[in-house]
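Below, each chain spelled out in residue letters.
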Amino acid sequence: MFRCCKKPINRNLDAFDIINDLGPGANLCALFNSCSGEVDFGLDTWTIWGCQIPAYKERVDELIDMGFTTIRVVVSWGVHMMDDDCTIDPRFMTQVKECIDYSLDHGMYVILDEDLTYKYPDREYSPYYKGYCLSRGGYSYSKKYLTRVWEQITKAFNNSYDEHLIFEFLNEPNESPETFDDNTSADAYNILAEYYQTILNIVRASGGNNAKRFCIVSAMGSGKYPDIECNPDYLTLPTDSSGTGRIIFCTHMYPMLGAGGEPFAHTQYTAIHRANLQNTYQNLCNWYVDNAENPIPVIATEFGTNSYAPLGERLACIEDYIRTYTFADFDTLYNGLTAYAELQVFS
């Protein structure tokens, strides 16, 4: 059953208050973000990553039992479009709402995002699939897609949801598969900044609680090169009509990924990884958290190690990360729900 009562948002809180209250978090993966640009749209796409429908209650209960207090609900909206006007299938929206309501009713913070629906102009897709890209060649359909998605999200989630629901605009935006984490063009950063401003304007214009909703703006790419992707010299954050203190910056942290982007290339955790973690932490402090003109808290909405590495190496990485990043004004959400030993340490 949907929420029908009005829950006023606490307008006395700022983003730093929220970050310091989130506690340990985890991603609800491979449920609402199962997707493929080559598979026809519909609820059948839920099963392509091995998910059962619906399975969110068991997953949420498990995270609560382990001590997590924040959950990130990652959603691929683009495989659930009903027409060329990017109308989201109401059956799918119903399942997403039920999951979010269930999590909130059990005392959790929820981060809701738009996930993985890339649509590059030089590739073929199912005619029902919608998405976005960071190129001028796909700018028109991308702007329409993001506008329509966030118009519908802000209509579905507003006055019945207080500050415990947070919007994350995009997950791992990138220019193309070839430049996913490196050599991204300056124009792609400019387009991303335009998209962020458009989405934030939609959120604020929807009024009600969304006029003061806390929103997360993510770095370019997937976090393999955080010292490039997070650099404010490249990415301009949106201007918030609600004033300051409602924007959170986010990156992803995968310390054991290969330097060239190879997935899970490093099976040993070394002093080099430790130094990289500390260097990135200091940069994020300088650029955002301790910025004298516009301080902004930081969250890593995804953190992971290497599932192919020995458990001891993975736990060493997690422990170093926790020692470095679990200070005020930072928070982290674990990504990788099959690694239960890691989850227990992280929580």
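Everything that follows concerns the structure shown earlier in this document.
Thresholds, definitions, all that
Residues numbered from 1 in each chain as written. Predicted model: local features only at pLDDT ≥ 70, side-chain atom pairs only at ≥ 80, totals over all residues. Heavy atoms only, no water. Axes fitted to C-alpha atoms, helices over the stretch in contact; angles between N-to-C directions. Helix = DSSP H or I, 4+ residues; strand = E, 2+ residues; numbered from the N terminus. Parallel < 35°, antiparallel > 145°, perpendicular 65-115°, else oblique. Left-handed = near helix turned anticlockwise from the far one by under 90°. Contact = heavy atoms within 4.5 Å. Nonpolar A, V, L, I, M, F, W, Y, C, P; charged D, E, K, R; others polar. Core = buried A, V, L, I, M, F, W, Y, C linked by side-chain atoms within 4.5 Å. Buried < 20%, exposed > 50% of the residue type's maximum accessible area, 1.4 Å probe, protein only. Pairing = 2+ DSSP bridges. Right-handed = clockwise from strand over helix to strand, strands pointing away.

**Student:** Which residues make up the packing of helix 7 (residues 271–289) against helix 8 (residues 311–325), and what are the values?
**Tutor:** With their axes 10 Å apart at the nearest point, helix 7 and helix 8 run at an angle of 25 degrees to one another. As far as their axial angle goes, helix 8 and helix 7 are roughly parallel. Handedness of the crossing formed by helix 7 with helix 8: right-handed. Packed against helix 7, whose contacting residues are R274, L277, Q278, T280, Y281 and L284, the element helix 8 presents D320, Y321, T324 and Y325 at the interface. In the contact of helix 7 with helix 8, the residues fall into 5 nonpolar, 3 polar and 2 charged.

**Student:** Residues and numbers for the nonpolar core, please.
**Tutor:** Among the nonpolar cores identified, the biggest contains 88 residues, and W77, I100, L112, F157, F167 and F169 are the most heavily contacted of them. Of the residues forming this core, the biggest block, 10 residues, is contributed by helix 5 (residues 186–205). Not counting the four nearest positions on each side in its chain, I100 is found in contact with V73, V110, L112, F157, Y161 and L165.

**Student:** I'd like a description of unusual backbone geometry, backed by residues and values.
**Tutor:** A positive phi angle, near 60 degrees, is found at C86, a position not held by glycine. Topologically, C86 is positioned in the loop between strand 2 (70–75) and helix 3 (90–105). For C86, a relative accessible area of 3% puts it in the buried group. One non-glycine residue with positive phi stands out, namely E172, at about 50 degrees. Relative to the assigned elements, E172 resides in the loop between strand 4 (165–171) and helix 5.

**Student:** Break down the pairing of strand 3 (residues 109–115) for me, with residues and values.
**Tutor:** Within strand 3, 7 of the 7 residues are buried, leaving the element largely enclosed by the surrounding structure. Of the two faces of strand 3, the one carrying Y109, I111, D113 and D115 and the one carrying V110, L112 and E114 are both buried. Bridge analysis of strand 2 against strand 3 gives 6 bridges, and the strand direction is parallel. Across the sheet, residue I71 finds its bridge partner in strand 3, namely V110. Note that strand 3 and strand 4 share 5 bridges and pair parallel. Paired with D115 across the strands is N171, a residue of strand 4. Following the backbone out of strand 3, through helix 4 (residues 139–156) and into the adjacent parallel strand 4, one traces a crossover that is right-handed.

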